[in-house]
Amino acid sequence: MREKWMTRLAKPMLFAAAFIWGSSFFIMKDALDALPVQYLLAIRFTTGAVLLGLFCGKKWRVFTASYLWRGAIIGAFLYLAYSIQTYGLASTTPSKNAFLTAVYCVLVPFLYWAFAHVRPDRYHVLAAVLCVTGVGLVSLSGDLTVNRGDALTLVCAIFYAAHIVAVAKVSPGKDIYILTVFQFAFAGLYAWIGGALFETFPAAALTQSDVFLPLVYLSVMATTVALLFQNVGQVWSDPASASVILSLESVFGVLCSVLFAGDQVSARMLAGFVLIFVAVVCSETKFAFLRRNRFIKS
């Protein structure tokens, strides 16, 4: 009975995670108007670590000291990815930030090739070509230049891809929930250090309701709840479906930015969004769902 219910709930959980993450782009854009980047991330990751740590409960019995260095490594990649993405968001639109970040899905196989010597297949190459074309349509201006925010967002995609590869290298044999707690904890620690060195603590801003509520949403929903939904959803659904649903994060990011933040999307940008999305689906699923449907019909 439990397996039946979890199977039914898996895909709605994945859709919820993709929507929460997609909606967080324009919410984070508003929060950046009042909070400096490092302290925004420090509060977000620290809150996520505490909440997820409380959720783990009896899972803490498996803790060993090796979780610390593993969490420090993957937390560093996560911190760099989020930091650069957030700085990029300050100089571009939430919709472009959402879609350019999705480039990391295409980069993962190539980074994994560099570290594990596993050659990408033809679908990964096709995805890379589609993605580069889409990125050009989205980010290049009329004089064929890329603005600072778009460039930073593309760099952040590299660190997101590196983070996924690092997790694949250090997580085998470890409880993913406990490892994620330390990942968040170290990412928060790095952000606190960055804030102390380069920023002024925004004490006054934290008491304002228009800042506090978005910060709660980012910390609780976009960091803790969405991660749990992703983990549970992936366990109880097939990988191909899960990856396609989660890649909708960028689509939800654009929709929310257009509906709630007033972003303007040109025909050229829309074409670029479509190409990036198709590239993500190609890289993550190799269009297996199309081949399966054709086989069933025949």
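See the structure printed just above.
The sections below set out a description of the structure shown in this document. (Residues numbered from 1 in each chain as written. Predicted model: local features only at pLDDT ≥ 70, side-chain atom pairs only at ≥ 80, totals over all residues. Heavy atoms only, no water.)

### Comments concerning the overall build of the protein chain
Heads up, the rule is: Numbering of helices and strands runs from the N terminus; a helix is a DSSP stretch of H or I covering at least four residues, while a strand is a stretch of E covering at least two. Buried means the residue's accessible area, taken with a 1.4 Å probe over protein chains only, is under 20% of the maximum for its type, while exposed means over 50%, and partly exposed covers the values in between. Contact between two residues is taken to exist if any of their heavy atoms lie within 4.5 Å; hydrogens are not considered. Using a 1.4 Å probe, accessible areas were evaluated by the Shrake-Rupley method; residue-level cover was limited to the displayed protein chains.
Looking only at helices and strands, one finds 13 helices and 0 strands in the protein chain. Mapped in sequence order, the helices and strands of the protein chain form the string α-α-α-α-α-α-α-α-α-α-α-α-α. Counting every position in the protein chain, which comprises 298 residues, the buried fraction comes to 49%. Contacts in the protein chain between residues at least 24 apart in sequence constitute 89% of all its contacts with a sequence separation of at least 6. By element, 70% of the accessible surface of the protein chain is carried by carbon and sulfur atoms, the whole surface being about 14400 Å².

### Some thoughts on the packing of aromatic side chains
The condition that has to hold: Put simply, two rings from Phe, Tyr or Trp (the six-membered ring, in Trp's case) pair if the centres are within 6.5 Å, and we call them stacked under 30 degrees between planes, edge-to-face over 60, tilted for the rest. Look at NZ for Lys and CZ for Arg. If either is within 6 Å of the ring centre and within 35 degrees of the ring normal, a charge sits over the ring.
Taken as a whole and assessed by the stated rule, the structure comprises 13 aromatic pairs. Pairing Phe-19 with Phe-252 gives two aromatic rings, centres 5.5 Å apart and planes at 80 degrees, and the pair type is edge-to-face. Placement of Phe-19 in helix α1 (residues 2-31) and of Phe-252 in helix α11 (residues 249-260) is noted, with a sequence separation of 233 residues between them. Among the aromatic residues, ring-to-ring pairing joins Phe-45, Tyr-82, Tyr-160 and Phe-184 into one connected group. Sitting above the plane of the Tyr-67 ring, Lys-174 keeps its charged end 5.1 Å from the centroid.

### Overview of the pattern of salt bridges
Rule in force here: Within this document, salt bridges are pairs made up of a side-chain nitrogen of Lys or Arg and a carboxyl oxygen of Asp or Glu, the two lying within 4 Å of each other.
Under the defined criterion, the tally for this structure stands at 1 salt bridge. With its nearest N and O atoms 3.8 Å apart, the salt bridge here joins Lys-59 to Asp-175. In this pair, Lys-59 sits in the loop between α2 (37-56) and α3 (66-89) while Asp-175 sits in the loop between α7 (148-170) and α8 (176-198), placing the two residues 116 residues apart along the sequence. With a relative accessible area of 31%, Lys-59 lands in the partly exposed category.

### Side note on the packing of α2 against α8
Quick note on the threshold: Between N-to-C directions, angles cover 0 to 180 degrees, with each direction set by a line fitted to C-alpha atoms, over the stretch in contact for helices. For this classification, under 35 degrees means roughly parallel, over 145 means roughly antiparallel, 65 to 115 means roughly perpendicular, and everything else is oblique. By convention the crossing between two helices is left-handed if the near helix lies anticlockwise of the far one by an angle smaller than a right angle, and right-handed if it lies clockwise. Classes in brief: Ala, Val, Leu, Ile, Met, Phe, Trp, Tyr, Cys and Pro nonpolar; Asp, Glu, Lys and Arg charged; the others, Gly included, polar.
Remark: α2 packs on α8, axes separated minimally by 7 Å, with the N-to-C direction vectors making an angle of 155 degrees. Compared by their axis directions, α2 and α8 come out roughly antiparallel. Both α2 and α8 take part in a crossing whose hand is left-handed. Within the contact of α2 with α8, the residues separate by chemical class into 19 nonpolar, 8 polar and no charged.

### Focus on α11
Our working definition: What a helix should span is 1.5 Å times the count of its residues minus one.
If you check α11, its first and last C-alpha atoms are 16 Å apart, about what 12 residues at 1.5 Å a residue would give, namely 16 Å. Every buried residue of α11 is listed here: Glu-249, Ser-250, Phe-252, Gly-253, Val-254, Cys-256 and Ser-257. Gly-262 lies just past α11 and shows a positive phi near 75 degrees.

### Some points on α2
Here α2 spans 28 Å end to end across 20 residues, near enough to the 28 Å set by a 1.5 Å rise per residue. Once α2 ends, the next one or two residues include Gly-57, with phi positive near 55 degrees.

### Description of a nonpolar patch on the surface
Let me state the cut-off plainly: Grouping into patches uses exposed residues only, defined as over 30% relative accessible area, and leaves out salt-bridged ones; the cut-off is 9 Å for like charges and 5 Å for nonpolar side chains (Val, Leu, Ile, Met, Phe, Trp, Tyr).
Taken together, the side chains of Leu-189, Ile-193, Leu-197 and Phe-198 present a nonpolar region at the surface, about 450 Å² in accessible area. We classify Leu-189 as partly exposed; its relative accessible area is 40%.

### Topic: the nonpolar core
Rules: By nonpolar core is meant a set of buried Ala, Val, Leu, Ile, Met, Phe, Trp, Tyr and Cys residues that side-chain atoms within 4.5 Å join together.
The biggest cluster of nonpolar side chains holds 50 residues, and the ones touching the most others in it are Leu-40, Phe-45, Leu-52, Phe-184 and Leu-218. Where this core is concerned, the elements lending two or more residues are α1, α2, α3, α7, α8 and α9 (209-235). When near neighbours in sequence (up to four residues on either side) are disregarded, Leu-40 contacts Met-28, Ala-31, Leu-32, Leu-35, Thr-86, Leu-215 and Leu-218.

### Some details on the environment of Cys-156
Topologically, Cys-156 is positioned in helix α7. Residues in contact with Cys-156, not counting those within four places in the same chain, are Ala-81, Ile-84, Gln-85 and Thr-101.

### Comments concerning the side chain of His-163
Positionally, His-163 belongs in helix α7. A residue is classified by how much of its surface remains accessible, and His-163, at 12% relative accessible area, is buried. Those residues in contact with His-163, other than ones at most four positions away along the chain, are Ile-74, Phe-77, Leu-78 and Gln-183.

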